[in-house]
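# Architecture and fold: a report
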Amino acid sequence: MEDISRGKNTELNIPDKKDHIIYEDDNIIVCVKSAGTATQSADLRSKDLVSLIKTHLVRQARKNKVRLTGEPYVGLIHRLDQPVEGILVIAKDKESAANLSKQVTDNRIDKRYLAVVEGIPNDDKIHLKKEVSKDGTIYIEDEIIKKSDGNARIVTGLPADELKTLGNPEDKKISKLEYKIISSNNNRSLIEVHLLTGRFHQIRATMAYLGCPIVGDTRYGAPPIPPDSAHLSPKAIALCSHKLSFKHPVTGQTMSFSIEPSEAIFSE
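Residues numbered from 1 in each chain as written. Predicted model: local features only at pLDDT ≥ 70, side-chain atom pairs only at ≥ 80, totals over all residues. Heavy atoms only, no water.

As a further point, take the overall build of the chain. Per the secondary structure count, the chain includes four helices and 13 strands. Its C-alpha atoms give the chain a radius of gyration of 19 Å, near enough to 18 Å, the size a compact globule of 268 residues would have. If you line up the chain on its principal axes, its C-alpha atoms span 60 × 40 × 40 Å. Accessible area for the chain stands at about 14200 Å²; split by element, carbon and sulfur atoms hold 47% of it. (Helix = DSSP H or I, 4+ residues; strand = E, 2+ residues; numbered from the N terminus. Rg over C-alpha atoms; globule rule 2.2 N^0.38 Å. Areas by Shrake-Rupley, 256 points an atom, 1.4 Å probe, with all protein chains shown as cover.)

Structural data, given as structure tokens:
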């Protein structure tokens, strides 16, 4: 397997953005999406990560004098919400995409996030299942639904009549994650989250349910951040996908990547 750019950051040529590739070979690209960049957008007027990767691959082909017969293949394996920064793996061919998608389905891709939340999680909330490990890691299992207004909500224990007012009860799904409080100060907490199911807005909805919305996430009840804040960018919430591990789709080698969040609020 040819290792094209391991150990190098390949900028994706976006002014004032931090989207870049941290690893690339013949089969996959591992990149960092900045807060404010959509993973994939239907709006042709705005740049998204998928279009940036396609542009990168076209330029790469031209540089290497490789003739393309159409648009380069970009296999999107998982997504990050637009205001979330973090690591994504993208497949460069259909076989690699199928392999990585199967790893997602089988919960064999390890995704870990850092979040700064308002206050501390409420221990008294109802869950389908809750386990507390000796190291302080808390496993919770809940029911989640995507509401008719486009937001998600944890609905564990919610009466059926009330559930019907939020959306289609048949759309209710099980959500699972682990979290651990790393530190707490100034009425905020730094939390690491291990995502075990990839439900729509799962971390954001879960933190809101626990009474500690993610800083800057006004959509889920957090107070607004001043637009000139030096702690958090206007288009960001304090959530970062900072670790990603998976098996390479061709070699089977374990690939692990990590980044430090770029927002100043994570280091306060």
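Now for unusual backbone geometry. Positive phi is not limited to glycine here, since N107 has a value of about 60°. Structurally, N107 can be placed in the loop between helix 2 (94-105) and strand 6 (110-118). On the basis of relative accessibility, which here comes to 41%, the residue N107 falls in the partly exposed class. Phi angles above zero are rare outside glycine, and H201 is one such case at about 50°. Within the secondary structure layout, H201 lies in the loop between strand 11 (188-195) and helix 4 (202-209). You can call H201 buried: its relative accessible area is 8%. (Buried < 20%, exposed > 50% of the residue type's maximum accessible area, 1.4 Å probe, protein only.)

It is worth spelling out the side chain of D142 at this point. Residue placement: D142 occurs in strand 8 (residues 138-146). Within polar-contact distance, the side chain of D142 engages the side chain of T156 at 2.8 Å. (Polar contact = N/O pair within 3.5 Å; in protein donor to acceptor, adjacent residues only side chain to side chain.)

For the rest of this paragraph, the subject is the nonpolar core. Within the largest apolar cluster, 63 residues are counted, with the highest numbers of intra-cluster contacts made by V30, I53, I203, I214 and F246. Not counting the four nearest positions on each side in its chain, I203 is found in contact with Y113, L177, V193, L195, I214 and L239. (Core = buried A, V, L, I, M, F, W, Y, C linked by side-chain atoms within 4.5 Å. Contact = heavy atoms within 4.5 Å.)

The next subject is the pattern of salt bridges. With the rule as written, the count across this model stands at 12 salt bridges. Between E71 and K54 there is a salt bridge whose closest N-O contact spans 2.9 Å. In this pair, E71 is assigned in the loop between helix 1 (49-63) and strand 4 (75-76) and K54 in helix 1, connecting sequence segments 17 residues apart. With a closest N to O distance of 2.6 Å, K102 and D106 form a salt bridge. The class of K102 is partly exposed, set by a relative accessible area of 46%. Residue classification places D106 among the partly exposed residues on the basis of a relative accessible area of 34%. (Salt bridge = Lys/Arg side-chain N within 4 Å of Asp/Glu carboxyl O.)

Next up on the list: helix 1. End to end, helix 1 covers 21 Å across 15 residues, agreeing with the expected 21 Å (1.5 Å per residue, within 8%). Taken together, the buried positions of helix 1 are L49, V50, L52, I53, H56, L57, Q60 and A61. Note on helix 1: the residue one or two positions beyond its end, K65, has a positive phi of about 60°. (Expected span 1.5 Å × (residues − 1).)

Turning to the packing of aromatic side chains, a few remarks are in order. Scanning the model with the defined rule gives two aromatic pairs in all. Relative to F257, the ring of F246 has its centre 6.1 Å away and its plane inclined at 25°; by these criteria the two rings are stacked. Highlighted residues: F246 in strand 12 (residues 239-247) and F257 in strand 13 (residues 254-258), separated in sequence by 11 residues. Pair check on accessibility: F246 and F257 agree, each one buried. Following the ring pairs from residue to residue traces out a cluster consisting of Y23, F246 and F257. (Phe/Tyr/Trp six-rings, centres within 6.5 Å; stacked < 30°, edge-to-face > 60°.)

On to helix 2, then. When the terminal C-alpha atoms of helix 2 are compared, their 16 Å separation across 12 residues agrees well with the 16 Å that a helix rising 1.5 Å per residue should span. Taken together, the buried positions of helix 2 are occupied by S96, A97, L100 and Q103. Each buried residue of helix 2 sits inside an arc of 125° when the element is viewed along its axis, so together they form one side. Opposite the buried face of helix 2, at more than 90 degrees from it, the exposed residues are K94, E95 and T105. Sitting at the amino-terminal end of helix 2 is D93, which places a side-chain oxygen 3.3 Å from the backbone nitrogen of E95. Phi turns positive one or two residues past the end of helix 2, at N107, with a value near 60°. (Arc of directions from axis to C-beta.)

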